[in-house]
Amino acid sequence: KSPTVPNVDGSVNNTEEDDEEDGVELAANSLLNKLIRQSLVESSHRVEVLQKDPSSPLYSVKTFEELRLKEELLKGIYAMGFNRPSKIQEMALPMMLAHPPQNLIAQSQSGTGKTAAFVLAMLSRVNALELFPQCLCLAPTYELALQTGRVVERMGKFCVDVQVMYAVRGNRIARGTDVTKQIIIGTPGTVLDWCFKQKLIDLTKIRVFVLDEADVMIDTQGFSDQSIRIQRALPSKCQMLLFSATFEDSVWQFAERIIPDPNVIKLRKEELTLNNIRQYYVLCRSRKDKYQALCNIYGGITVGQAIIFCQTRQNARWLTVEMMQDGHQVSLLSGELTVDQRASVIQRFRDGKEKVLITTNVCARGIDVKQVTIVVNFDLPVNQAEEPDYETYLHRIGRTGRFGKKGLAFNMVEVDKLPLLMRIQDHFNSNIKQLDPEDMDEIE
Ligand code: ADP
């Protein structure tokens with residue numbers, strides 16, 4: 001059994017039957033987030049800024065025009081449908097585009113506009129007429145590098161002559177090739193190889209160095225050291241930028257090692273609460289019994305869409321088959337699927353093609369499906385010690401106070417698991433009402 005590591009959102013999976021390596025899973029989650037993200041994630045928190053030089057004035061911008069960008073770049077931004085800078089961009093962009101360049105460490109949850117910000121910085125500093133690598137961006141996997149490259153291509157659509165190249169495993173370039181592309185995006189191992197062994201990139205000519213997804217990066221064997229070796233070879237005037245969705249101590253220590261004299265920007269994550277959720281439980285004798293209760297609930301109230309959480313893949317599969325045999329349109333989101341398959345399951349559910357999504361912990365993290373009206377814990381979340389997993393309970397059914405809608409949550413509880421439920425109730429100091437599954441009128 002692999003050790004427990006935090007997810008992208010800082011939470012921890014405990015009892016999922018994980019075959020994957022955790023670092024890989026972390027990168028996969030991050031990619032999944034990108035694939036399904038359609039718009040900015042909002043936050044009601046204030047951006048915290050720690051300046052390298054606290055006496056220098058702090059600029060923030062409310063419009064992209066204020067940044068005095070190249071015309072073609074501004075056109076690219078508007079073509080992407082961006083009207084104004086996101087919360088993190090308001091503070092980060094003036095620092096990133098300042099003269100002389102400033103270094104930056106920025107942390108905010110995924111979907112808040114970090115990638116767009118550093119792509120903008122790279123594109124604005126690149127000289128299209130100079131045909132050698134000028135910007136270098138490190139990413140944890142090929143797929144994540146590709147996603148960033150796509151943003152460069154979209155935002156840089158009108159910056160003709162600016163080109164991207166991927167330094168990733170499998171992209172073989174003959175030694176001695178003259179690399180003329182200005183922006184290189186790659187994984188640390190291959191970039192190191194291209195720089196030192198194959199001498200395809202002259203690091204002393206790099207102007208902007210970006211280390212993206214630092215939390216995923218440090219979780220992958222060897223990437224921290226490789227990144228530091230690359231960074232050490234950069235010229236002192238090179239701008240260095242580091243981004244992370246989370247900021248545990250380990251990420252912070254790494255960030256401080258690799259980014260000299262940084263400004264720091266943080267945007268705290270919107271907290272989840274159970275305040276807007278009416279919670280119920282149904283006492284059951286067996287799995288079959290739980291299923292019956294689920295059907296009664298499902299038949300008894302008008303449900304929009306539902307997400308049903310199971311504790312194991314095996315239970316999730318069983319439930320999926322049962323529901324399908326009873327004629328329900330359900331889909332199963334499980335850790336066995338590839339990231340692309342997961343993204344497509346979530347997309348279909350979002351589009352309303354399926355009404356019910358059955359899933360285990362891992363893959364539903366951080367996926368917010370706003371139209372979901374009910375959440376069912378077919379099994380209560382527990383950790384390896386069979387203690388209640390409060391964190392996961394909150395993640396499954398909680399919503400963000402300001403942006404979330406009201407919701408209903410049902411817990412299917414076998415008699416011997418009742419003490420667990422009571423502990424969950426006490427922990428959150430919230431009321432979980434018992435429900436007679438034969439009598440749905442009790443649901444307010
Ligand atoms: P992060 O890197 O923090 O995960 P992204 O830069 O990928 O965030 O942005 C998340 C989503 O929001 C993307 O779909 C991106 O196109 C969009 N986005 C980014 N900045 C803006 C903006 N200023 N206005 C509107 N949408 C934006």
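Residues numbered from 1 in each chain as written. Predicted model: local features only at pLDDT ≥ 70, side-chain atom pairs only at ≥ 80, totals over all residues. Heavy atoms only, no water.

Peer 1: Explanation requested: the site of the ligand in the structure shown.
Peer 2: Neighbouring the ligand are 17 residues; R84, Q89, G111, G113 and T115 lie closest to it. Looking at the shell around the ligand, the element that brings in the most residues is helix α4 (residues 114–125), giving three residues. The residue inventory of the shell around the ligand, partitioned by class, reads five nonpolar, nine polar and three charged. (Near = heavy atom within 4 Å. Helix = DSSP H or I, 4+ residues; strand = E, 2+ residues; numbered from the N terminus. Nonpolar A, V, L, I, M, F, W, Y, C, P; charged D, E, K, R; others polar.)

Peer 1: Explain unusual backbone geometry here, please?
Peer 2: Cis geometry is found at the peptide bond from H99 to P100, where omega equals -5°. Structurally, P100 can be placed in the loop between α3 (87–96) and β2 (103–108). If you check the backbone angles, N429 has positive phi at about 50° while not being a glycine.

Peer 1: What am I meant to see in the packing of helix α14 (residues 390–397) against helix α15 (residues 418–428) here?
Peer 2: How two helices sit against one another is set out by the angle between their axes and by the gap between those axes. Viewed as axis vectors pointing N to C, α14 and α15 meet at an angle of 75°, and their least axial separation amounts to 11 Å. On the basis of their axis angle, the class for α14 and α15 is roughly perpendicular. Across the interface between the two elements, Y390, Y393 and L394 from α14 touch R423, I424, H427 and F428 from α15. Considering only residue class, the contact of α14 with α15 consists of five nonpolar, one polar and one charged. (Axes fitted to C-alpha atoms, helices over the stretch in contact; angles between N-to-C directions. Parallel < 35°, antiparallel > 145°, perpendicular 65-115°, else oblique. Contact = heavy atoms within 4.5 Å.)

Peer 1: Sorry, what's going on with the sheet that holds strand β8 (residues 262–267) here?
Peer 2: Pairing between sheet strands relies on hydrogen bonds along the backbone, with the strands arranged either parallel or antiparallel. The strand order across the open sheet built from eight strands is β1-β8-β2-β7-β6-β3-β5-β4, with neighbouring strands paired in mixed fashion. Each of the sheet's edge strands pairs with one partner strand only, and the pair in question is β1 (47–50) and β4 (164–167). Taking the axes of each pair of neighbouring strands and ignoring which way they run, one obtains an average angle of 15° across the sheet. Against the sheet, α4 touches β2, β3 (135–138), β5 (183–186), β6 (208–211) and β7 (239–244), its axis set at about 165° to β7. Contacts between helix α8 (residues 223–232) and the sheet are confined to β3, β6 and β7, with β6 contributing the most and set at about 170° to the helix. (Pairing = 2+ DSSP bridges.)

Peer 1: Looking at this model, I keep getting lost on the environment of Q163. Mind explaining?
Peer 2: Note that Q163 resides in the loop between α5 (142–155) and β4. In the structure, Q163 is positioned eleven residues away from V152 in sequence and 8.7 Å away in space, judged by C-alpha atoms. Ignoring anything within four residues of it in the chain, the contact list for Q163 reads K181, Q182 and I183.

Peer 1: What am I meant to see in the sheet that holds strand β16 (residues 407–414) here?
Peer 2: The strand order across the open sheet formed by seven strands is β12-β13-β11-β14-β16-β10-β17, and the pairing between neighbours is parallel. Bordering the open sheet on either side are β12 (330–333) and β17 (432–434), each of which pairs with just one other strand. Geometrically, the sheet is characterised by an average inter-axis angle of 25° between neighbouring strands, direction not taken into account. Note that strand β11 (residues 305–309) and strand β14 (residues 372–377) share five bridges and pair parallel. Its bridge partner being in β14, A306 is matched across the sheet by I374. Strand contacts of helix α10 (residues 287–300): β10 (277–284), β11, β13 (356–359), β14 and β16, with the helix running at about 155° to β16, the strand carrying the most contacts.

Peer 1: I would appreciate a short explanation of the pattern of salt bridges in the present structure.
Peer 2: Close approach of charged atoms lets side chains of opposite charge pair. Scanning the entire structure with this criterion turns up 15 salt bridges. Residues R268 and E271 are paired through a salt bridge, measuring 3.9 Å at the closest nitrogen-oxygen approach. Residue classification places E271 among the partly exposed residues on the basis of a relative accessible area of 46%. Among the salt bridges present, the one from K290 reaches E414, with a minimum N-O distance of 3.9 Å. One end of the pair, K290, is in helix α10; the other, E414, is in strand β16, with 124 residues separating them in the sequence. (Salt bridge = Lys/Arg side-chain N within 4 Å of Asp/Glu carboxyl O. Buried < 20%, exposed > 50% of the residue type's maximum accessible area, 1.4 Å probe, protein only.)

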